[in-house]
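Working through the structure, step by step
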Amino acid sequence: MQFVLDVPTMLLMTAAASLAMAGAMATVRPKRREGIGLWALGLVLHAATYVLYTLRGTAPGWASIVLANGLLSATFALVLAAVHQFQERLLPWARMLLPVLATTLLFAVFIDDYRARLMVMGVLAPLQLGMALWSLWRPHRPAQWRSAALLSAGLALQVGLLAMRGMLAATHAIPAEGLMRGGLLQSFTFMATFVVIILSSLGFILMAKDRADAANRYLATHDGLTGVANRRALLLALERDVARTVRTGKPYALLMLDIDHFKAINDSHGHGAGDAVLRHVAAVLQARLRAQDMLGRYGGEEFLVLLPDTPLRGAARLAETLREAVEQAPCAYGGRSLAVTASIGASSMHMAPGDSVDPLVQAADLALYAAKAAGRNRVECATPQRGPGPKAAAAG
């Protein structure tokens, strides 16, 4: 017994699936424009297409054939648009509109030729979806590549189905009775289309979710103003590095930097100037650190630099380099050049099993206090001690 499904039922089920998925995507639409809205609109057009298909034989041909397939082509155009918007590119209007116009025109010409219409759709629709796949993976693989692969699997299945139907029509392997004629091929085609809707839409939703998760992870570990690590990330990295430092036996150093007279900058030029100075200093510091070093905002106008495998003398040299770099690079703000200087405290120690990072941080803090007390815009060093408090000494 041949497995054949009722064609109108399959068409309505496909339309219902498209509408349901469009509604689901509309409810989870993020604030930033990531293509979710365009994808949902495409699903609405897809549902309208299949509703018009069910009217084949009762509605005029211009509606159930020409308009329906024009809407299907517009659905594929919106897939391309959604991918571009997700990747924050300009919408490719020419590549979106020309296939829709060509499809509509050719279906109007071949309104009475079912096989010719299948061949037209077997060429133009795979071309449209192929452009979407190309845009998704080129020129670079998307960061959300696993969910992009799920989306690509759905689109590739749709491409294969449409191309296969076009080739079968070209070889007269498909009956000429039309869409509403049931059969094994029709059943397989519409079942696969149902799967494509779910697979590709879930892939797109997961792409947006993966990006949101990555953004949340970034915000959890980075300072929103300067883009460097935040205090939480610094302390976590410091605790993590202790174990490695104990194993290697190499010294570990810290620099604690404070922007001099920062309150005066805010009071004289406004908080916008203060924010600009913080971003500027962070960029100056980051540009002069090694790949293994870590810069973070410790709080307010204070920055902390983690220096693995660095003795106190090396930390003092780097601190002086950073101090000079800040002093020699005034911050441009509002057409003015704001002079900026910084005081830096340095500390370093060999970590032993069971040691805490607290003495190291306290020593750097003490050295910073000594630098500010000595007149600012200078570097001071302090040696952590496991017994009494740390001893401060001037650099050099």
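See above for the structure.
Remember, it's a predicted structure, so these values are computed and weren't measured experimentally.

We now examine the overall build of the protein chain. The number of helices and strands found in the protein chain is 12 helices and eight strands. At 32 Å, the protein chain has a C-alpha radius of gyration far larger than the 21 Å of a compact globule built from 396 residues. Summarising its shape, the C-alpha atoms of the protein chain cover approximately 95 × 50 × 30 Å along the three principal directions. Within the protein chain, the proportion of its 396 residues that are buried is 48%.

A word on the packing of aromatic side chains. In the structure shown here, the tally under the stated rule is four aromatic pairs. Ring geometry for W39 against F204: centres 4.7 Å apart, planes inclined by 20°, an arrangement best described as stacked. A residue pair is termed long-range when its members are at least 10 positions apart, and W39 in helix α2 (residues 36–54) and F204 in helix α7 (residues 184–221) qualify at 165 residues. Here W39 and F204 have matching classes, each one buried. Within the aromatic cluster, the residues linked to one another by ring pairs are W39, F86 and F204.

Throughout the structure, instances matching the rule amount to 12 salt bridges. Its salt-bridge partner being R240, residue D241 comes within 3.3 Å of it at the nearest N-O pair. Using a relative accessible area of 10% as the deciding quantity, one classes D241 as buried. With a closest N to O distance of 2.9 Å, K263 and D267 form a salt bridge. Residue K263 and its partner D267 are located together in helix α9 (residues 262–269), separated by four residues, close to a single helical turn. The pair formed by K263 and D267 is uniform in burial state, with each residue classed as exposed. Connected via shared salt-bridge partners are D258, D260 and K372.

Reading guide: rules and limits
- Residues numbered from 1 in each chain as written.
- Predicted model: local features only at pLDDT ≥ 70, side-chain atom pairs only at ≥ 80, totals over all residues.
- Heavy atoms only, no water.
- Helix = DSSP H or I, 4+ residues; strand = E, 2+ residues; numbered from the N terminus.
- Rg over C-alpha atoms; globule rule 2.2 N^0.38 Å.
- Buried < 20%, exposed > 50% of the residue type's maximum accessible area, 1.4 Å probe, protein only.
- Phe/Tyr/Trp six-rings, centres within 6.5 Å; stacked < 30°, edge-to-face > 60°.
- Salt bridge = Lys/Arg side-chain N within 4 Å of Asp/Glu carboxyl O.

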